[in-house]
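# Observations on chain architecture
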Amino acid sequence: MQSPIDLLDESVQVVSNLGRLKRSYKPSNATLKNRFHDMTIQWESGAGYIQINGIRYYLKQCHWHSPSEHAINGRKYALESHMLHESLDGKVAVVGIVYKIGRPDSFLSSLTGHLRSVAGTVQKETKVGIVNPRNIKIGSRRYYRYMGSLTTPPCTENVLWTIVRKVRTVTIEQVRSLRVAVHDESNTNARPIQRINGRIVQLYRPEERLIMD
């Protein structure tokens, strides 16, 4: 049950009963950290939660991988963000968003100056102030859902994954700003694709309303 995986439309179960992703986020104080293998926004308590199957998973942090870790129909993209949540009893749920090169992402644009401040090896973190997680745009009701793992050591399993179907956009400069700041002498921090091993992968697609003449 390892992650990431290739999300193939030909093998997913299309469902309409999962419901929209319920995001109840709130602005909260946050810190930008250079963890030397990725850049991470870490919120203090009170940033809100997502609710899945009646369980509240509270937002802890968001980090980025380049190129994307998950693939959609065999294609990897320029960037992938992971919003990591944890329930009160320690269960983990991650929301993943993939990006292709195009128009700038407004959330990353708001962090440009802070990313520069932690780009060296001396300063590892900086206070960002109040950050609203809702500014991380999703832009689609469709998403993939499966059980997997964390993608960094120790790659713990039983992680509930939600990958947004819509591919959003970032600029080349924004991807570079995330990678240049990380002094690991690598052009990538993406884990290779893992085997699905018979797992069920669902694609939530809301039922379309019938248009009557």
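The written sequence of each chain sets the order in which its residues are numbered from 1. The predicted nature of this model means local features are confined to residues of pLDDT at least 70 and side-chain atom pairs, given and counted, to a pLDDT of 80 or more, with totals for whole chains, interfaces and linings taken over all residues. Just so you know, side-chain values use all the structure's heavy atoms and leave hydrogens and water out.

## What about empty space enclosed by the protein?
The criterion, for reference: Both site types are read off a 1 Å grid over the protein atoms alone. A 1.4 Å probe that fits but cannot get out defines a cavity, while an open set with protein on both sides within 12 Å along at least five of seven lines defines a pocket; lining residues have an atom within 4 Å of a point. Grid points are joined across faces, edges and corners, and a volume is the space filled by probe spheres set on the points. Secondary structure counts use DSSP, requiring at least four H or I residues in a row for a helix and at least two E residues in a row for a strand, with both numbered from the N terminus.
Under the counting rule described, the total for this entry stands at one cavity of 30 Å³ or more. There is about 30 Å³ of room inside the largest cavity. In terms of lining, the largest cavity is formed by ten residues, of which the most central are Trp64, Ser66, Leu178, Arg179 and Asn189. Within the residue set of the lining of the largest cavity, elements represented by two or more residues are β7 (55-65) and α3 (172-180).

## Description of the side chain of arginine 199
The criterion, for reference: The cut-offs for exposure are 20% and 50% of the maximum accessible area for each residue type, with area from a 1.4 Å probe on protein chains only; residues under the lower value are buried, those over the upper are exposed, and the others partly exposed. As used throughout, the charge tally considers Lys and Arg to be positive and Asp and Glu to be negative, leaving His and the chain termini uncounted. Definition used for salt bridges: Asp or Glu carboxyl oxygen within 4 Å of a side-chain nitrogen of Lys or Arg. Pairs of N or O atoms are called polar contacts if they sit within 3.5 Å, as long as, within protein, a hydrogen donor faces a hydrogen acceptor (for residues adjacent in sequence, only side-chain-to-side-chain pairs). The contact criterion used throughout is that any non-hydrogen atoms of two residues lie within 4.5 Å.
With respect to the helices and strands, the residue arginine 199 is situated in the loop between α3 and β15 (202-204). With no salt bridge to any partner, buried arginine 199 finds its closest opposite charge in glutamate 157, at an N-O distance of 6.9 Å. A polar contact of 2.8 Å, which involves the side chain of arginine 199, links it to the backbone oxygen of isoleucine 196. If we skip the residues at most four places from it in the chain, arginine 199 touches Met1, Gln2, Ile5, Tyr146, Met147 and Gly148.

## Some remarks on the pattern of salt bridges
Following the criterion strictly, the structure yields three salt bridges and no others. Here arginine 165 makes a salt bridge to aspartate 9, at a shortest N to O gap of 3.9 Å. Placement of the pair is arginine 165 in the loop between β13 (157-164) and β14 (168-170) and aspartate 9 in the loop between β1 (6-7) and β2 (13-15), with a sequence separation of 156 residues. Take arginine 165: its relative accessible area is 18%, and that puts it in the buried class.

## A look at the pairing of strand β3 (residues 22-25)
What counts, and what does not: Between any two strands, pairing holds if DSSP finds at least two bridges.
Side-chain alternation along β3 places Arg23 and Tyr25 on a buried face and Lys22 and Ser24 on a face that remains uncovered. Alignment of β3 against strand β6 (residues 48-52), held across four bridges, turns out to be antiparallel. Its bridge partner being in β6, lysine 22 is matched across the sheet by glutamine 51.

## Remarks on the layout of surface pockets
If a probe as big as a water molecule is rolled over the atoms, it shows which places are left empty. Operational definition: When residue character is reported, Ala, Val, Leu, Ile, Met, Phe, Trp, Tyr, Cys and Pro are called nonpolar, Asp, Glu, Lys and Arg charged, and the others, Gly included, polar.
What the largest pocket holds in volume is close to 200 Å³. The wall of the largest pocket is formed by Arg20, Leu21, Arg23, Arg134, Ile138, Gly139, Ser140, Arg141, Arg142, Tyr143 and Val164. Per-class residue counts for the lining of the largest pocket are four nonpolar, two polar and five charged. As a volume, the second largest pocket reaches approximately 170 Å³.

## With respect to the environment of valine 12
Its place among the elements puts valine 12 in the loop between β1 and β2. A relative accessible area of 12% means that valine 12 is categorised as buried. Beyond its immediate stretch of four places on either side in the chain, valine 12 contacts Tyr144, Val201 and Leu203.

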